[in-house]
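# Architecture and fold: a report
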Protein chains: 2
Amino acid sequence: MTGRLVVLGGGAAGMSAASAARRVDPDLEIVVLEATGWAAAGLCGLPYHLAGLVPRPEDLVAYPAAYFRERRGLDLRTGVTVRRLDAAARVVDTADGPLGYTAVVVATGGAPATLPLPDLGGRPSFAVRTVEDLVALRTLLDTGAVRRALVIGAGYIGLETAEALAHRGVAVTVAERLARVLPTTVDPEPAAVVEEHVREHLRDRGDLRLGTDALALAADPSFDVVVVCTGVRPAAAVAAQAGAHTGPGGALLVDDRMRTSLPHVLAAGDCIAPHHRVLGGPAFVPLGPTANKTGRVAGTVAAGGDARFAGVVGTAVVKVFDLEVARTGLTLAEAEAAGLPAVAQDVVSRSRAKYYPGVRPVHVRLVHEPGGRLLGAQMVGVEGAAKRIDVIAAALHAELSVDDLADLDLSYAPPYAPVYDPVLAVAQAAQRDLRDAQRSVAGPSSLAAR
Amino acid sequence: MTGRLVVLGGGAAGMSAASAARRVDPDLEIVVLEATGWAAAGLCGLPYHLAGLVPRPEDLVAYPAAYFRERRGLDLRTGVTVRRLDAAARVVDTADGPLGYTAVVVATGGAPATLPLPDLGGRPSFAVRTVEDLVALRTLLDTGAVRRALVIGAGYIGLETAEALAHRGVAVTVAERLARVLPTTVDPEPAAVVEEHVREHLRDRGDLRLGTDALALAADPSFDVVVVCTGVRPAAAVAAQAGAHTGPGGALLVDDRMRTSLPHVLAAGDCIAPHHRVLGGPAFVPLGPTANKTGRVAGTVAAGGDARFAGVVGTAVVKVFDLEVARTGLTLAEAEAAGLPAVAQDVVSRSRAKYYPGVRPVHVRLVHEPGGRLLGAQMVGVEGAAKRIDVIAAALHAELSVDDLADLDLSYAPPYAPVYDPVLAVAQAAQRDLRDAQRSVAGPSSLAAR
């Protein structure tokens, strides 16, 4: 293929797409248009730069711009906003003028959901999504002018931001409209474990206010800064306005090769709704690994190569102070919303053998159908939750059942797990309940047979 | 079923069998005959009691004997040696006299491989397998009489024992006949990483001697004690002498219900060779989780219930000083010994995002067939190896391919993983090599087509 590939967005998806396209076609002209001044920045690392754990924003960048330009031969242009995509004419309009393309990859990412904040009387507010947002907030912190902060939203970005601010010595109040933390990440029962942990950490300086009117709180002048963390929506406007079909949350619909409904227009990353293997349809779950993988597929296909995206199962993990909070598949609430027959099994297992020093509880919820089909899992613990969820992610990918999960041959040594790993423990508990349910359905004759 | 179930052995497998049988049949007479004075002791915890991390040997016991006797109604007899099994007459001969049975579960465990040690001139030697062995060695340590110790064998038990002794301030020399550590656990390349780590830890006080004549070293009177850790063999003699068929390593052959070749004789735990799903046949891999699971199946079936054992995939993990060393499936050496076409893919990935404080290398080896069939994996690292191996254990159980592995939706947050998890990184590297190999096999026409 000869021609020009234009990639809209220089984030994880966009740079993955451009790099993959280059691997397929050494001669293709590849232009990457990035609205901010930063390309290939790992946005998931922003809270850790805010906390001071990652000293320089440059540390968050996968490769410097010069590497992409010189070593990969990409025409990477930062600070360029794309106004319009004309799929029929194969042109994108930018602030610098029109740019024709043979193929385009839309990797415009996500945008923070906004709130109708009251007049803050000159106090600053932030929605931390770009490196620039973060640098501005961190610069403000460095002046020492921030003693009290209001974080609006107790989702994972809100809690990560609260932790980072607390780490910097700021008294943080987290305000959430709903009566619980992590409303889109885990079910209420695991969330209660997280809530208690957050309250412990904010006890001395700060507060967690659930089921509250955050906008009213924002008017309180004792908060030196307001940080809005009320979620992410797909930044799909340019492609949607060009006629690309959208689905859940307004995200772009794509096939398994990342092709949108428009010819020669592919899409990847936080602006798309990729296939969800457990739901059996598209879902908006904007996360880093998916951005990287879908970017790679989009770039490969756009350059004339062959690649497919196998879909997601909805795996995610977040660090909340000392707690690992992990999920995969569907929560019970998500399964019920999807109309699936679902039950939840909760166990409190351990991170190590019960006699091994440092052993901690691991809270596990398994979500499955009464017939034994696995739907998802959630894990919460100071250790042993973050990557253990991946065992169930693999099980979901392979469509294993509850019985299969209980059969897995998982590693054991006293410093790392109980002899029945938490994954096996929750699967065994689910098996017992399924057996008891069958026995009670079978009724008296079954009892008599015993 | 009415009658008497006799369980030979009160370790993990035997007590699991007895407890499972009780759940199936509340009225069954269940006799457990245990040769030592300890039942339900977690032998995997012995090194940690030796190290002083687990204060009392009682802490290693899953439940006290009184619990099994009173709450589970088991006739648990300790200090009883079984001399003979007569499968035709359905009788076991013990030191206390004959005992008839309707079914028997052989859970006689493993026994340490022995060595023809030279005359030690009165210096003590140990083979740490039972709680009694351990208590004796620990009592000796507590006297302060042990300044220098020789550990024979650099397998996982040898290295765990060396670590425990070093933790107690003993100068430890580990001597191994082969030129490498962990010879039955990992391939030479991952073993080299472990070797370097062990040398660092023994540098100041002690030594690691590979490819050496350990028996000659044992004659050196400067070693106050000699600990033999040269492996475990199945303690299958009683059942084998009764005519039960044996397989790899002399372990008892069983079907998926843990039935031996003798009628009414079942077996479980370290004395059996269960089905290995990757090898497609029996294998002797004596480990705690398999003992528990096969015990459960044997007890359930022996009491008239229904249960099946799905088999193992060969997963194991060991802590070696600060290093997690994990494996699943087959090593390259094991695959080659089994006549499988196998290649190995090595990558050095990371435990966290590259910019996150505390990030450490994770060495990963993936073993697979040139056609993409997964055969096994090995992981070594200060963090991020022990339970990450379980993702590949699940993949092996589900018979996923290298391509499937690269497609998994694994959890990501900067404190816990790079955006491409080490599992994905090694799968992607294997995919690249497979593609390159296909390309070079296809030859010039393929190159021209590009």
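Residues numbered from 1 in each chain as written. Chains lettered and ligands numbered in written order. Predicted model: local features only at pLDDT ≥ 70, side-chain atom pairs only at ≥ 80, totals over all residues.

## Brief notes about the overall build of chain A
Convention followed: Only DSSP runs of H or I covering at least 4 residues are called helices, and only runs of E covering at least 2 are called strands; the numbering of each starts at the N terminus. Every radius of gyration here is taken over C-alpha atoms, with the globule rule written as 2.2 Å times N^0.38, N being the number of residues.
Assigned secondary structure in chain A consists of 14 helices and 24 strands. Over its C-alpha trace chain A gives a radius of gyration of 24 Å, about what one expects of a compact globule, namely 22 Å for 450 residues. A principal-axis box enclosing the C-alpha atoms of chain A has dimensions of 80 × 55 × 40 Å.

## Side note on the domain arrangement of chain A
All names here are of chain A. We count it as follows: Note: domain ranges come from an automatic or database domain assignment. Once C-beta atoms are placed from the backbone, any two residues with those atoms within 7 Å are in contact. We call Asp, Glu, Lys and Arg charged. Ala, Val, Leu, Ile, Met, Phe, Trp, Tyr, Cys and Pro are nonpolar, and the rest, Gly among them, are polar.
Annotation of chain A at the domain level lists domain 1 (4-43 + 57-110 + 233-302), domain 2 (125-230) and domain 3 (322-437). Once you take the C-alpha centre of each, domain 1 and domain 2 turn out to be 31 Å apart. Taken together, the contacts link five residues of domain 1 with five residues of domain 2. Grouping the constituent residues of the side of domain 1 that touches domain 2 by class yields three nonpolar, two polar and no charged.

## Some thoughts on the relation of the copies chain B and chain A
These two copies of the chain differ by a rotation about an axis and a displacement along the same axis. Counted only if it meets this: In superposing the copies, a least-squares fit is computed on C-alpha atoms, taking residues whose pLDDT is at least 70 in both.
Relative to chain A, chain B is turned by 180° and slid 0.0 Å along the rotation axis, the superposed coordinates differing by an RMSD of 0.0 Å. Between the two chains, the operation in question is that of a two-fold axis. Minimal C-alpha distance to the rotation axis in chain B is attained by Val-391 of chain B, lying at 2.3 Å. Comparing contact sets, 100% of the residues at the interface of chain B also lie at the interface in chain A, consistent with an isologous, same-surface contact.

## Focus: helix α1 (residues 12-24) of chain B
Residue and element names in this part refer to chain B. Applied cut-off: Helix span is expected to be 1.5 Å times the residue number reduced by one. Any residue with 12 or fewer other C-beta atoms within 10 Å of its own C-beta is exposed, any with 20 or more is buried, and the rest are partly exposed; the C-beta atoms used are placed from the backbone.
When the terminal C-alpha atoms of α1 are compared, their 18 Å separation across 13 residues agrees well with the 18 Å that a helix rising 1.5 Å per residue should span. Counted residue by residue, α1 has eleven buried out of 13 residues, so it is predominantly covered. Turning to α1, its buried residues are Ala-12, Ala-13, Gly-14, Met-15, Ser-16, Ala-17, Ala-18, Ser-19, Ala-20, Ala-21 and Arg-22. Check the buried side of α1 and you find it contacts β1 (4-8), β2 (29-34), α3 (65-71), β7 (103-106) and α9 (288-302).

## Overview of the interface of chain B and chain A
Each partner contributes residues to the interface: chain B has 50 residues there, and chain A has 50 residues. At the level of elements, α9, β20 (316-320) and α11 (389-397) of chain B are the ones that each hand at least two residues to the side of chain B that touches chain A. The element best represented in the side of chain B that touches chain A is α11 of chain B, accounting for seven residues.

## Quick look at the pairing of strand β10 (residues 148-152) of chain B
Moving residue by residue along a regular strand, the side chains alternate between the two faces of the sheet. Residue and element names in this part refer to chain B. Let me state the cut-off plainly: Looking down the strands as they point away from the viewer, one classifies a crossover as right-handed if the path from the first strand across the helix to the second runs clockwise. A pair of strands is considered paired only if DSSP assigns at least 2 bridges between the two.
Across the five residues of β10, four count as buried, placing the element largely inside the fold. Handedness of the β-α-β unit built from β10, helix α5 (residues 156-167) and strand β11 (residues 171-176) comes out right-handed. Bridging between β10 and strand β13 (residues 225-228) involves four bridges; their strand directions are parallel. Paired with Val-151 across the bridge in β13 is Val-227.

## Describing unusual backbone geometry
All names here are of chain A. With phi around 55°, Arg-90 is a residue other than glycine that occupies positive phi space. For Arg-90, the position within the fold is in the loop between β4 (82-86) and β5 (91-94). Even without glycine at this site, Glu-399 takes up a positive phi of about 55°. With respect to the helices and strands, Glu-399 occurs in the loop between α11 (389-397) and α12 (402-407). Note on Glu-399: 12 C-beta atoms within 10 Å, which makes it exposed.

## What about the pairing of β7 of chain B?
Residue and element names in this part refer to chain B. Where burial is concerned, the two faces of β7 agree: the one with Ala-103 and Val-105 and the one with Val-104 and Val-106 are both buried. Here four bridges tie β1 to β7, and the two strands are oriented parallel to one another. Counted as the bridge partner of Leu-8 is Val-106 from β7. Bridge count between β7 and strand β16 (residues 265-267): three bridges; the pairing is parallel. Following the sheet pairing, Val-106 is matched in β16 by Ala-267.

## Some remarks on the environment of Phe-321 of chain A
Residues and elements named next belong to chain A. Here Phe-321 shows up in the loop between β20 (316-320) and β21 (323-329). Distance in space between the C-alpha atoms of Phe-321 and His-167 is 9.3 Å, their sequence separation being 154 residues. When near neighbours in sequence (up to four residues on either side) are disregarded, Phe-321 contacts Glu-163, His-197, Val-198 and His-201.

## Quick word on the environment of Asp-270 of chain B
All names here are of chain B. Mapped onto the elements of the fold, Asp-270 is located in the loop between β16 and β17 (272-273). Residues Asp-270 and Ala-12, spaced 258 residues apart in sequence, show a C-alpha to C-alpha distance of 9.4 Å. For Asp-270, the residues in contact, after removing those within four places along its chain, are Gly-109, Gly-110, Val-232, Pro-234, Pro-286 and Ala-291.

## Some thoughts on the packing of helix α1 (residues 12-24) of chain A against helix α9 (residues 288-302) of chain A
The geometry of a pair of packed helices is captured by two quantities: the angle between their axes and the separation between those axes. Residue and element names in this part refer to chain A. Selection criterion: Think of each axis as a best-fit line through the C-alpha atoms, taken over the contacting stretch in the case of a helix, with angles from 0 to 180 degrees between the N-to-C directions. The sense of a crossing depends on the near helix, which, turned anticlockwise from the far helix by less than a right angle, makes the crossing left-handed and, turned clockwise, makes it right-handed.
Packing of α1 against α9 leaves a shortest axis separation of 7 Å and a crossing angle of 35°. Considering only the axes of α1 and α9, their crossing is right-handed. Here Ala-12, Ala-13, Gly-14, Ser-16, Ala-17, Ala-18, Ser-19, Ala-20, Ala-21 and Val-24 of α1 come into contact with α9, specifically with Gly-288, Ala-291, Asn-292, Thr-294, Gly-295, Arg-296, Ala-298, Gly-299, Thr-300 and Ala-302. Taken together, the residues of the contact of α1 with α9 break down into ten nonpolar, nine polar and one charged.

## Notes on the packing of α11 of chain A against α11 of chain B
What counts is decided by this rule: The scheme is simple: roughly parallel for angles under 35 degrees, roughly antiparallel for over 145, roughly perpendicular for 65 to 115, oblique for anything else.
In the contact formed by α11 of chain A and α11 of chain B, the axes pass within 8 Å of each other and the chain directions differ by 20°. The orientation of α11 of chain A relative to α11 of chain B falls into the category roughly parallel. Judged by the twist between their axes, the crossing of α11 of chain A over α11 of chain B is right-handed. Mapping the contact onto sequence places Asp-390, Val-391, Ala-394 and Ala-395 of chain A in α11 of chain A and Asp-390, Val-391, Ala-394 and Ala-395 of chain B in α11 of chain B. Taken together, the residues of the contact of α11 of chain A with α11 of chain B break down into six nonpolar, no polar and two charged.

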